[in-house]
Amino acid sequence: MSRRRTSSVSAYFHSFILETNVSLTSPGIYYIPSDSHLHFTLSSSLIPYNVQLFCDYHSTNFQRGVYHQLTWSSKDDDRFAQLFCTRAGPIHFYYTAKDKKGEGYIIVEPRLSNLTSGDPEEITCLTVLSKSLGKIDDWESRLSIAYHSNYNMIHFTPIQQLYKVSNSSYSVTHHHQLNPLFGKDKTHDDIKKVVDKMANEWNIVSITDLVYNHAANDCSILENHPEASYNLVNSPHLKPAFLLDAILMQFTCDVNQGRLDRIPAEISKEHLPIIKEYLLNDIIPRYALHEFYMIDIKKTVEEFAQLIQNELPTSSSHNYEDEYTFRINYGSYIPYGGRIDFEKARDIFYCAGRTPIQACELLTDRLMYLNHLKYSQVQSDLNRAVENCLDGCEYHFFGSYGPHFKSISPKTPFVGNYFAYPHEKTFQTSPEEVLQAYKENNKTFLERVMAHNGWVMNDNPLRNFAEDTQGPNVYFRRELNQWSDIVKLNFGSCEADSPHLWAYMKEYTRLIATTFHGARLDNCHSTPLHVAQYLMDYARELNPQFYILGELFTNSETLDNTFINKLGINALVRESLHARLPSDLGHMICSHGRLSVGSLFRLQTVLKPRRAQAFLYDQTHDNPCPIERRSLADVLPRSAYVAMSCTPTGSNRGYDELVPHHIDVVHERRLYDKWTDDKKRSLIQAKSIFNRLHVRLSSDGYTRIIADQLSSNTLMITRQHPLTNSIIILIGYTDTIEGENEKIEPLMIQGTIEEILFEMNLSWLNNDNKLDSFVRNVDFINGLREKDLNIYINEHLKRDESKFVEIIQENENKLTKVTFNKETFLPGSVLAFQINLLSNAKQASTELRKEIFENELLSFRSLLSQCSLIDLNFLLYRCKNEENNEIYLIPEYGSPVYAGLQGVESLLIQMRSLSNEQMLKHPLCLHLKQGNWFMSYIFQRLLEKKQTRLIGQWFEKYFQFIEQLPKYLISVYFDLLIHRTYNICIERGIELMSTPFIQQGSSFVKSLAMTSVQMMGIVSNAHLPTYEESNNDKQYPSMAAGLPNFSEGIWRNWGRDTFISLRGLLLLTGRFDEARHLLLTYGSCLRHGLIPNLLAGPRYNARDAIWFWLYSLSQYTQLAPNGTSILSENIQGKPLHSIIKTAINTHLNGLTFREYNAGYQLDRVMSDEGFNNRIGVDSKTGFVYGGNRWNSGTWMDKMGSSEEAGNKGHPGSPRDGSAVELIGLSRATIHWLIQMIKEGFYPYEDQKTILATWLKKIDENFEKEFWIDETSNQSHFINRRNIYKDTVNSSLQYTDYQLRPNFLIAAVVAPEMFNKDHIWLALSQVESILLGPLGIKTLDPSDEQYVADYDNKNESSDFKRAHGYNYHNGPEWVWLTGYYLRAKLLFSPKEKRHETREHVQEVLTRHRQTLFASDWKSLPELTSDNGSFCRDSCPAQAWSCATILEAVYDVQQYN
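Computed from a prediction, not measured in an experiment: that's the story for all the values here. (Residues numbered from 1 in each chain as written. Predicted model: local features only at pLDDT ≥ 70, side-chain atom pairs only at ≥ 80, totals over all residues. Heavy atoms only, no water.)

A. Up close: the overall build of the protein chain. The number of helices and strands found in the protein chain is 41 helices and 48 strands. In terms of its C-alpha atoms, the protein chain occupies a principal-axis envelope of roughly 125 × 105 × 60 Å. The 1455 residues of the protein chain split such that 61% are buried. Taking the intrachain contacts of the protein chain between residues at least 6 apart in sequence as the baseline, contacts between residues at least 24 apart amount to 74%. For the protein chain, the accessible surface area stands at approximately 56900 Å², while carbon and sulfur atoms represent 47% of it. One way to put it: in the protein chain the 146 positive side-chain charges average out to a point 3 Å from where the 170 negative ones average out. (Helix = DSSP H or I, 4+ residues; strand = E, 2+ residues; numbered from the N terminus. Buried < 20%, exposed > 50% of the residue type's maximum accessible area, 1.4 Å probe, protein only. Contact = heavy atoms within 4.5 Å. Areas by Shrake-Rupley, 256 points an atom, 1.4 Å probe, with all protein chains shown as cover. Lys, Arg positive; Asp, Glu negative; His and termini not counted. Charge placed at Lys NZ, Arg CZ, Asp CG, Glu CD.)

So this is what it looks like as structure tokens:
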């Protein structure tokens, strides 16, 4: 997220979400500012577990690898663990959770006190070659150019004593001593005085290089401890490479001294093939380099024969794999000095069944093969080595950008030396002397041969190329681009391996960390990670706000991230000169930005990974000079472009002074010129302006950026402030692409140019290029002469004062037209505008900012406080069916899922997750720019409804302001307004749900609670019937069974669905009045002892709806305040308890009836017999029963409808007889009624005995009739054991024995019926057989009727599938999962309570993820196989949300 001070859209803390997939290789870097609160939170996948979180962060006394456990704030879903981050550096954390674990890093950025905002992006850094500063006493005069150029950081190349031979800035002879050029007896204290003075008086901080990876050939540590290098004693594998090196150095001497007839010292390209032939065929073969990789076979086999001659073969059998992996150890690398592991050889070759002779023969064969293999490899590597030598020679002698050596000589050799030679006798050490030293094992000689450092093209930087690789390495293959004045240091794998070197470098680090504000890690990619890690930790121990800049080039962002995370690197050196074209540079600059102009706000406080922070240079001290390589016209625009970047920026001293050549870190011996007041010339004034602009852009919060190419050579970069909407545009013109007939079209700007900040041009005077006549000053580093240049710099111009452009604006509300003057706006030019919004847009922006940020939408909150939950249903939701099939259609996208704000917010959530480019191209973003139609739809819809009219007027007012903004801001403010108002609506919804469970609930609980607002609304074609004459004019909300399929007309009001959902959606959320009204409404429709299945009609074909209604009544009396009073409510002259009695007596007495209006006109697919119904109670068992095989009286009510497949009129699952869930519901109802009689609320004392007898029969017979145990043989239809039957006495007898999940309902509502051991076994069967990711399979997969995937549009002839016949014969229904989870909690044995809770939470986690990810912000009706998406499922289903909410409630009670 942005780290700017845009406080109105940011929070004081940063959240880091722990994910199950977090690892050290996760993409991106997580940055957090110093002095920030960090909250670790849990992803849905970790919420179920006892997550133990550890980190190594300590504000003081940091020790890597010492971890402490963080404490969670609570035990609920939204718990967090907090850190207050004050010390800069990496935080390494790891967590464990059951079988899950993860780890990662977060980088705490240092606080640099000189920066206005504290944001490191403000940095403007100047690199200086320390050796060119001269005496310390003169430093202030030589460094004051940085102060006058408005730099706020200086990077010093190494300040230590340098190698006397090369004088390279990075060839350090003594890491603890200063360069003697700084003055006699000067110490780091003198340096610190300068550093502190610059910080205090100039507001400039200082960093310098830390060079750990290598040291000068004569470094002091190597004099006393040659083991600190890779020499021929500790690294004997380098012996062949050193001999080859000596051969090549001898070749240079031979050519230089004219000893080779065909190869002169002054070579041409034509000599390269001759050199190749000579090296490969004449000189190199003389030294038999392959012998270093050979083994003396005869001697070895003889020794092996002696070993085994008196031994028996091993008992092991022959193993080809062991034989294949058998290898030679080359040991000290002497000719034919290879050795083998004789014990291993005996085990492999002298195995069972072999004689000693056979064993020796087999070993001989293997060694001959290995020798041959190695010989071939060596020859191949030598060919490669020579090719690499020739490539290097070609570059140095003939390459376009090479140094153009004239002749082969010790000063300009054929190739450079890969090793430091004893006594620095590189060209005086012959190959014969080398061989003699090897033969004599001359330690004095061998330990002084030290491998140089360098870099290997495309190599893995984590690989130490100097270590033994069991054979020829990069030194032998000549793949190293070496630096011949420095030696690669050998730290070993730990401090004990090289204690003197570690101690030496630790003291070096102390000197730097206590003197400077930070460091640049030189050659970071080649510095061993464990070494750099140890030393950076030490530096931060001494200086907690130590800033670390990394010179890191791995060609892999993943590898870069590894270094950044482990070392806590704050930024990486990045070079703008790598971008050749203006378009490339624009892309580079924007790719390191945050958000594009026009991007939506990142509204969350959640830390998001981002690309490693770049430290962008216009030119580094390693880069060639752009004046030389490119042109003078490139210099000014490039520096201006870099200043516009959202990154720390840097430049090399000499760039601003127009030094037209590379100031070489090796060969430069001159000093920088001192500053005098008359030297504010060249680009110094320009760079001062650029640096000032860069700091302003960062500190003032211009966080948005975009680049546009106006022509081949013209690039425009825009920075925007997201709150004030002020814009700064910079346009530069180069001559990168030659021969282009540049035509720059006029700019049309949606704003007013308040000021031309500056316009500049740098070019040759009269186009006369004087580069060839440039003369270097002998003593001082000098730049181009001003008299040869045209330098034009003008600041703070009025619109009519520009030389480069003509600016026309008719009035303050019209677009501004900028036309470029092709006579004056030439290559080498830059100009920048300060742009403010047009007058009307500015006023609109002010009003919007004031309302959104300052007033925090107080006026909207006030209006919303008058809204009810029913009003919120209209304001937030309403699917297409509820809106008369009219929801706004967004071109190229489609319609949102809801007409209300949730539909818009869900769409915006999608957009916010996109990349900047994708976000700006999203159809909604484009559509909003094209016109105000969508915004008009939003408020017009609200205006049409009395209850939301004032809110509609509010949106109309603020949408009109948005319409007046520039097009690039419309989607930004639209998103802000919708998001903020949406959140306020959600807050209002939760506020109106009065139960502590919701008010104090987690985000998951509150989101589930809001699904009750989705489902409860007033739909014009689905009104509830009135049960009281006095209330005829009052409308009450009805509950949609599911969206969108069951949301309007006759399909909205289902008795069964309503009362399965009522407890979860209405009672647990405190919506007691709506619950009461639904209970009474459906009660008023009682007929045949039943309530309607479909209220429209109504239709009485559901045997279960009455029992879900009665169970809901019982829950209402327990949960609602004064809930029992409902039993006395009059419904059309009758008390409700009388209606209940009628329903009970009808069942007790039994009833057979035929549906009213039965026939085709009522149901087009039902058979005639299906309209006949019956209900009753079995006098023996007390089980309610009913239905027949041609109808479906329970929730599994799918009726076949395919004539093609022959399933028309056939119920998919008739379940007649006694259905298990109805037994449970009836038992729960009987128990409740008995209690109500006792308490006097059900005034039928005469029924008490009848009910008690009924209850007793159920309890006596349930287990006996329904349980199928392990040994049961009651029927040949038994397929599964340890389950409960689904029905008893069904017409299709086999269906009694099917494993279905309906017993779960009975287990929850009537647990007293169940044997605890039996039900636990049955629940285990459900878990292993029926449980899916979200839902429960509706049928045993082993059942022949099972079909997992539901397709209601299936037109096949398959009886089981056609027209979705398998609706309840396999698909995984979500609402059943709620009952499964509740049953698990209810019946869990004491010893399994923790395990059960964890399992329940694991399952609920998947519902949490689904709910939060859903555009509908709801849970689906069902899924197909294993949780896969089902096209024909409702994406939002009332009972799914209700039962899952009940399960969450039970978890809380369980805890």
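Right, picking up where we left off after that structure.
B. Representation of the environment of Ser913. As for its position among the elements, Ser913 is in the loop between helix H23 (901–912) and helix H24 (916–920). Distance from Ser913 to Asp468, taken between C-alpha atoms, is 48 Å for residues 445 residues apart in sequence. Engagement of the side chain of Ser913 in a polar contact is seen with the backbone oxygen of Gln910, the distance being 2.7 Å. (Polar contact = N/O pair within 3.5 Å; in protein donor to acceptor, adjacent residues only side chain to side chain.)

C. Region of the structure containing the pairing of strand E24 (residues 704–711). Where strand E21 (residues 595–596) and E24 come together, 2 bridges link them in parallel fashion. For Ser596, the partnering residue across the bridge sits in E24 and is Ile705. Where E24 and strand E25 (residues 714–720) come together, 7 bridges link them in antiparallel fashion. For Ser711, the partnering residue across the bridge sits in E25 and is Thr714. (Pairing = 2+ DSSP bridges.)

D. How the structure looks around the packing of aromatic side chains. Tallied over the full model, the rule gives 74 aromatic pairs. Pairing Trp139 with Phe156 gives two aromatic rings, centres 5.5 Å apart and planes at 20°, and the pair type is stacked. Taken together, the positions of Trp139 in helix H1 (residues 139–148) and Phe156 in strand E10 (residues 153–156) put the pair 17 residues apart, joining distant regions of the chain. Note on accessibility: Trp139 and Phe156 belong to one class, buried. One aromatic cluster in this structure is built from Phe860, Tyr888, Phe934, Tyr937, Trp954, Phe955, Tyr958, Phe959, Phe961 and Phe974. (Phe/Tyr/Trp six-rings, centres within 6.5 Å; stacked < 30°, edge-to-face > 60°.)

E. Region of the structure containing the nonpolar core. Grouped together as the largest cluster of nonpolar side chains are 234 residues, with contacts concentrated most on Phe833, Phe934, Phe955, Phe959, Phe974, Trp1109 and Ile1140. The biggest single contributor to this core is helix H28 (residues 967–991), with 14 residues. Excluding its chain neighbours within four sequence positions, the residues that come into contact with Phe934 are Tyr888, Ile890, Pro896, Val904, Leu924, His927, Leu928 and Phe974. Ile263, Tyr278, Tyr293 and Phe342 belong to the second largest nonpolar core, which has 75 residues in total. (Core = buried A, V, L, I, M, F, W, Y, C linked by side-chain atoms within 4.5 Å.)

F. Representation of the packing of helix H6 (residues 297–308) against helix H8 (residues 342–349) within the structure. At their nearest, the axes of H6 and H8 sit 11 Å apart, and the two run at 75° to each other. Judged by the angle between their axes, H6 and H8 are roughly perpendicular. Between H6 and H8, the contacting residues are Thr300, Glu303, Phe304, Leu307 and Ile308 on the first element and Phe342, Glu343, Ala345, Arg346 and Phe349 on the second. Of the residues belonging to the contact of H6 with H8, the class tally is 6 nonpolar, 1 polar and 3 charged. (Axes fitted to C-alpha atoms, helices over the stretch in contact; angles between N-to-C directions. Parallel < 35°, antiparallel > 145°, perpendicular 65-115°, else oblique. Nonpolar A, V, L, I, M, F, W, Y, C, P; charged D, E, K, R; others polar.)

G. Structural detail: the sheet that holds E21. Spatial ordering of the open sheet is given by E21-E24-E25-E26-E32-E28-E29, a layout of 7 strands whose pairing is mixed. Among the strands making up the open sheet, the edge pair consists of E21 and strand E29 (789–797). Taken together, the 8 bridges between strand E28 (residues 752–764) and strand E32 (residues 829–836) define a ladder with antiparallel strand orientation. Opposite Ile753, over in E32, you have Ile835 as the bridge partner. Its contacts with the sheet place helix H19 (residues 684–699) against E25, strand E26 (727–733), E28, E29 and E32, and it is angled at close to 145° to E28.

H. Here's a closer look at the side chain of Glu742. Positionally, Glu742 belongs in the loop between E26 and strand E27 (747–749). For the buried Glu742, no salt bridge exists, and the shortest N-O distance to an oppositely charged side chain is 12 Å, to Lys743. Reaching out from Glu742, the side chain makes a polar contact with the side chain of Ser711 at a distance of 2.4 Å. Within the structure, the side chain of Glu742 is placed 2.8 Å from the side chain of Asn713, a separation counted as a polar contact. Once you skip the residues sitting within four places of it in the chain, Glu742 turns out to touch Ser711, Ser712, Asn713, Thr714 and Tyr733. (Salt bridge = Lys/Arg side-chain N within 4 Å of Asp/Glu carboxyl O.)

I. Region of the structure containing the sheet that holds strand E8 (residues 100–109). On the basis of which strands lie adjacent, the open sheet formed by 5 strands has the order E2-E8-E7-E4-E5 and mixed pairing. On the outer flanks of this sheet lie strand E2 (31–33) and strand E5 (68–69), each paired with one strand and no other. For E2 and E8, the ladder comprises 3 bridges, and the chain directions are parallel. Its bridge partner being in E8, Tyr31 is matched across the sheet by Ile107. Docked against the sheet, helix H15 (residues 557–567) engages E2, strand E7 (89–97) and E8, running at close to 75° with respect to E8.

J. View of helix H25 (residues 923–930). Considered for burial, the residues of H25 that qualify are Leu924, Cys925, His927 and Leu928. Around the axis of H25, the buried residues are gathered within 165° of arc, so they sit on the same side. Where H25 is buried, its residues meet H23, H24, helix H26 (933–943) and H28. (Arc of directions from axis to C-beta.)

K. Focus on unusual backbone geometry. Backbone torsion omega between Leu1043 and Pro1044 reads 0°, so that peptide bond is classified as cis. Backbone torsion omega between Gly1097 and Pro1098 reads -15°, so that peptide bond is classified as cis. Note on placement: Pro1098 falls in the loop between helix H32 (1072–1083) and helix H33 (1105–1119). Of note in this structure, Asn766 is not a glycine but carries a positive phi near 60°. As for its position among the elements, Asn766 is in the loop between E28 and E29. According to the relative accessible area criterion, Asn766 is exposed, its value standing at 70%.

L. Local environment of the packing of helix H13 (residues 499–513) against helix H14 (residues 529–542). In contact at an axis separation of 9 Å, H13 and H14 are set at 40° when each is read in the N-to-C sense. The angle between the axes of H13 and H14 places the two elements in the oblique class. Pair H13 / H14 crosses with right-handed handedness. Contacts from Trp502, Met505, Lys506, Thr509, Arg510 and Ala513 in H13 reach His530, Val531, Tyr534, Leu535, Tyr538, Ala539 and Leu542 in H14. Taken together, the residues that form the contact of H13 with H14 break down as 9 nonpolar, 2 polar and 2 charged. (Left-handed = near helix turned anticlockwise from the far one by under 90°.)

M. Fine view of the pattern of salt bridges. Applying the stated criterion across every chain, the model contains 73 salt bridges. In this structure, the salt-bridge partner of Lys687 is Asp656, at a minimum N-O distance of 2.9 Å. Of this pair, Lys687 sits in helix H19 while Asp656 sits in the loop between strand E23 (649–652) and H19, placing them 31 residues apart in sequence. Accessibility expressed as a relative area gives 3% for Asp656, which makes it buried. One network of salt bridges, with partners in common, ties together Asp209, Arg520, Asp522, Glu551 and Asp622.

N. Broad picture of the confidence of the model for the protein chain. Overall, the predicted model of the protein chain reaches an average pLDDT of 93, with 98% of residues at or above 70. Below a pLDDT of 50 lies the segment residues 1–11, which in the model reaches 35 contacts outside its immediate sequence neighbourhood of four places, other chains included. (pLDDT = per-residue confidence, 0-100.)

O. Quick look at the environment of Thr714. Position of Thr714 relative to the elements: it lies in strand E25. According to the relative accessible area criterion, Thr714 is buried, its value standing at 0%. Here the alpha-carbon distance between Thr714 and Phe516, two residues 198 residues apart in the chain, equals 40 Å. When residues no more than four places from it in sequence are discounted, the contact partners of Thr714 are Asp708, Gln709, Ile731, Gly732, Tyr733, Glu742, Ile744 and Phe825.

P. Here's a closer look at a nonpolar patch on the surface. Side chains of Trp455, Met457 and Trp483 sit close together on the surface and give an oily, nonpolar patch of about 300 Å² of accessible area. With respect to the helices and strands, the residue Met457 is situated in the loop between strand E16 (450–456) and helix H12 (474–477). Judged by relative accessible area, which is 53%, Met457 ranks as exposed. (Patch = residues over 30% accessible without salt bridge, like charges linked within 9 Å, V, L, I, M, F, W, Y side chains within 5 Å.)

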